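# Commentary on secondary and tertiary structure
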Amino acid sequence: MYAVAWMSGTLFSFCLMAIGARELSGELSVFQILLCRSVIGLLCISAVIAFSSQKINLRTERLELNVFRNIFHFAGQYGWFLGIGALPLAEVFALEFTVPIWTLIIAAIFLKEEVTLTKIVSVLLGMAGVLVIVQPGYAIVDPVSLIVLGAAVCYAISHTATKSLSASESAISILFYMCLIQLPIGLFLSIGNWSWPVGLQWLWLVIIGMTALSAHFCMAKAMQYAEVTKVITLDFLRLPLIALVGISLYAEAFEISLVLGGALMFIANLVVLRRRRVL
């Protein structure tokens, strides 16, 4: 149940970050948004470390894995932010939810996690929900849709690396190196198309920076209590939440497929949670 509690924080954070990304879409470049996210995140983490009553060890003996994780995470974030500005929110999240399939495969190969029938059933149910919502057709071959699918693969690699790091590194350490490594990447890629933020743009950048931290902190904590494939399966609940956001804030069309797909994903989550209680 600890994993469920931490994943609730992850869901809320990702939804709020999506709103910020949509508000800034077309106003600032994606690379600049990612740079500002890293700067804000690094400042927040540094403040937490400075004022913490406990000594926080940031030393790592797995710098290569941190770099590897964050290269793929940066690429995944780029595709995600690009999709948020070009596609309906629910469609972006639905395409992103191919992550469990890639994560299941990658975790089984590199982390030697057991591939059980329960995991396979839950992932298949969740993916069936995605297909019901997306209704494969012209949208699935849209170039931006393909970029979001590529981002899902990058996220799966990043999540698997996070699971490996969480065995020896603290959540704060993982977040610190995330910001530290991604900051120069964002700076290099945004310097040629820089535009100073104004007005509410600063507020949305702060929100993105803060929710990016809280989302990954909660994700890292959740992975300490459950296998990576179970944690990512819980993340399916993000889809019905973001669908409601799109409908209420951006007048995106309501479709019965969202209800049916969301129901399948809810059942997928119940399968995993029921199995966990039995064990």
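Before any of the text, the structure's been laid out above.
Structure report, in brief. From a predicted model like this one, the values you see are computed outputs, not experimental measurements.

### Considerations on the overall build of the protein chain
When helices and strands are counted, the protein chain shows twelve helices and zero strands. Tracing the protein chain from N to C terminus, the helices and strands come up as α-α-α-α-α-α-α-α-α-α-α-α. The globule rule puts the C-alpha radius of gyration for 279 residues at 19 Å, and the 18 Å found for the protein chain is close to it. In terms of overall dimensions, the protein chain has a C-alpha envelope of 45 × 40 × 30 Å along the principal axes. The proportion of buried residues among the 279 residues of the protein chain is 52%. Taking contacts inside the protein chain between residues at least 6 apart in sequence as the whole, the part at least 24 apart equals 90%. Counting 16 positive and 14 negative side-chain charges, the protein chain places the averaged centre of each group 12 Å from the other.

### Quick look at the layout of surface pockets
If you add up the space inside the largest pocket, you get close to 260 Å³. Taken together, 14 residues line the largest pocket, and the ones lying closest to its centre are Pro-88, Ala-90, Glu-91, Ile-133 and Glu-255. The leading source of residues in the lining of the largest pocket is helix H11 (residues 238–250), at three residues. Here the residues of the lining of the largest pocket are counted per class, giving nine nonpolar, two polar and three charged.

### Quick notes on unusual backbone geometry
In this structure, Ala-251 takes a positive phi of about 55 degrees despite not being glycine. Looking at the secondary structure, you find Ala-251 in the loop between H11 and helix H12 (256–278). Looking at Ala-251, the relative accessible area reads 68%, which means it is exposed.

### Here's the deal with the state of the cysteines
When the sulfur atoms of two cysteines share a covalent bond, that bond is a disulfide. According to the stated counting rule, one finds zero disulfides in the structure shown. You can see Cys-218 has no disulfide; the closest cysteine sulfur is in Cys-15, sitting 13 Å from it.

### Quick notes on helix H2 (residues 30–51)
When the terminal C-alpha atoms of H2 are compared, their 32 Å separation across 22 residues agrees well with the 32 Å that a helix rising 1.5 Å per residue should span. All of the buried residues in H2 are Val-30, Gln-32, Ile-33, Leu-34, Leu-35, Cys-36, Arg-37, Ser-38, Ile-40, Gly-41, Leu-42 and Ile-45. Summarising the contacts, the buried residues of H2 are in contact with helix H1 (2–24), helix H3 (63–86), helix H8 (171–190) and helix H9 (200–223).

### Some words on the side chain of Thr-160
With respect to the secondary-structure elements, Thr-160 resides in helix H7 (residues 143–165). For Thr-160, the side chain forms a polar contact with the main-chain oxygen of Ala-156, separated by 2.8 Å. Once residues lying within four places of it in the same chain are set aside, the contact partners of Thr-160 are Thr-103, Ile-106, Ala-107 and Leu-111.

### What about empty space enclosed by the protein?
Taken as a whole, this structure holds three cavities of 30 Å³ or more when the rule is applied. Taken as a whole, the largest cavity encloses approximately 80 Å³ of empty space. Taken together, twelve residues line the largest cavity, and the ones lying closest to its centre are Glu-96, Tyr-155, His-159, Asp-235 and Arg-238. For the lining of the largest cavity, the secondary-structure elements that each account for two or more residues are H7 and H9. In terms of residue class, the lining of the largest cavity is built from six nonpolar, three polar and three charged. Estimates place the volume of the second largest cavity at around 60 Å³. Lining the second largest cavity we find Arg-69, His-73, Ser-158, His-159, Thr-162, Ile-174, Leu-175, His-216, Met-219 and Ala-220. Elements with a minimum of two residues in the lining of the second largest cavity: H3, H7, H8 and H9. Residues of the lining of the second largest cavity, tallied by class, amount to four nonpolar, five polar and one charged.

### Topic: the environment of Leu-239
Looking at the secondary structure, you find Leu-239 in helix H11. Take Leu-239: its relative accessible area is 1%, and that puts it in the buried class. Taking the C-alpha atoms as reference points, Leu-239 and Phe-93, 146 residues apart in sequence, are found 5.9 Å from one another. With residues up to four places along the chain from it excluded, the contact list for Leu-239 reads Ala-90, Phe-93, Ala-94, Phe-97, Ile-133 and Met-265.

The rules behind each value
- Residues numbered from 1 in each chain as written.
- Predicted model: local features only at pLDDT ≥ 70, side-chain atom pairs only at ≥ 80, totals over all residues.
- Heavy atoms only, no water.
- Helix = DSSP H or I, 4+ residues; strand = E, 2+ residues; numbered from the N terminus.
- Rg over C-alpha atoms; globule rule 2.2 N^0.38 Å.
- Buried < 20%, exposed > 50% of the residue type's maximum accessible area, 1.4 Å probe, protein only.
- Contact = heavy atoms within 4.5 Å.
- Lys, Arg positive; Asp, Glu negative; His and termini not counted.
- Charge placed at Lys NZ, Arg CZ, Asp CG, Glu CD.
- 1 Å grid on protein atoms, 1.4 Å probe; cavity = no way out; pocket = protein on both sides within 12 Å on 5 of 7 lines; lining within 4 Å.
- Points joined across faces, edges and corners; volume = space filled by probe spheres on them.
- Nonpolar A, V, L, I, M, F, W, Y, C, P; charged D, E, K, R; others polar.
- Disulfide = S-S within 2.5 Å.
- Expected span 1.5 Å × (residues − 1).
- Polar contact = N/O pair within 3.5 Å; in protein donor to acceptor, adjacent residues only side chain to side chain.

Shape descriptors only; they carry no functional weight alone.
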